[in-house]
Amino acid sequence: MAQENTIVSGVAGRYAAALFELAQEANAIDAVGGDLDRFDALIAQNADMERFVRSPVFSAEDQEKAMGPILAQIGITGLTANFLKLVAAKRRLFAVHDMVRAYRTLADQQKGVVRAQVTVAEQPSEKVLGDIKQALKDVAGEKVEVDVKVDPAIIGGIVVKLGSKMVDASLRTKLNGIRTAMKEVG
């Protein structure tokens, strides 16, 4: 548990660590992770749900009562449902996104997985994506899960976030550097 404390902290970290421990005992780490991801996606895709979990207007009792039907509708039961209902009862739904992220971190660490976020200007081909994954695996020395984000605003190049490290080799950043250098000269 001491090692887990170094990766997750605060209220969200404590809740995530407790849930992770229970999921380990129940041999349900992946199932709970999938349920949490589904709930997190529901919040991200639904403005009313976002308001429901973040707004202080809803009482703990209101949130707890509403959680049952919401969870049943998206098929979340068992340990995850009990956890989310407890979070609602304790008025901590506002931090559920951070709890999900902390849980993912704990699950990834246990599996030896490192997550990387790669931002590119356009969708890469399978070959390019394979090359990126191999390069990241060579650097990380572990299993690497790559989340690709397409952002045309970077114009070209690549931005990679691997753990706490970031490499920005985007054309936008290089052009901004040239613009700054030109202002200093003139």
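Residues numbered from 1 in each chain as written. Predicted model: local features only at pLDDT ≥ 70, side-chain atom pairs only at ≥ 80, totals over all residues. Heavy atoms only, no water.

Among the nonpolar cores identified, the biggest contains 34 residues, and Leu36, Phe39, Met67, Phe83, Leu84, Leu93 and Tyr103 are the most heavily contacted of them. When contributions to this core are tallied by element, the ones reaching two or more residues are α2 (10-25), α3 (29-45), α4 (47-54), α5 (60-73), α6 (78-89) and α7 (96-111). For leucine 36, the contacting residues outside a window of four places in its chain are Leu19, Thr80, Phe83, Leu84, Val100 and Tyr103. In terms of nonpolar packing, the next biggest core, distinct from the first, is built from 10 residues, Ala116, Val120, Ile132 and Val144 among them. (Core = buried A, V, L, I, M, F, W, Y, C linked by side-chain atoms within 4.5 Å. Buried < 20%, exposed > 50% of the residue type's maximum accessible area, 1.4 Å probe, protein only. Helix = DSSP H or I, 4+ residues; strand = E, 2+ residues; numbered from the N terminus. Contact = heavy atoms within 4.5 Å.)

Our focus in this paragraph is the sheet that holds strand β2 (residues 143-150). Judged by pairing direction, the sheet is mixed, and its 4 strands sit side by side in the order β2-β1-β3-β4 without closing on themselves. The two strands at the open ends of the sheet, each matched to only one other strand, are β2 and β4 (165-170). Strand after strand, the sheet turns through a mean of 15° between neighbouring axes, direction not considered. Pairing analysis gives 6 bridges linking strand β3 (residues 157-162) to β4, with the strands arranged antiparallel. Note that in β4 the partner of lysine 161 across the bridge is methionine 166. Seen against the sheet, helix α8 (residues 126-140) touches β1 (113-120), β2 and β3 and runs at an angle of roughly 135° to β2. (Pairing = 2+ DSSP bridges. Axes fitted to C-alpha atoms, helices over the stretch in contact; angles between N-to-C directions.)

Nothing here speaks to function; it is all geometry.
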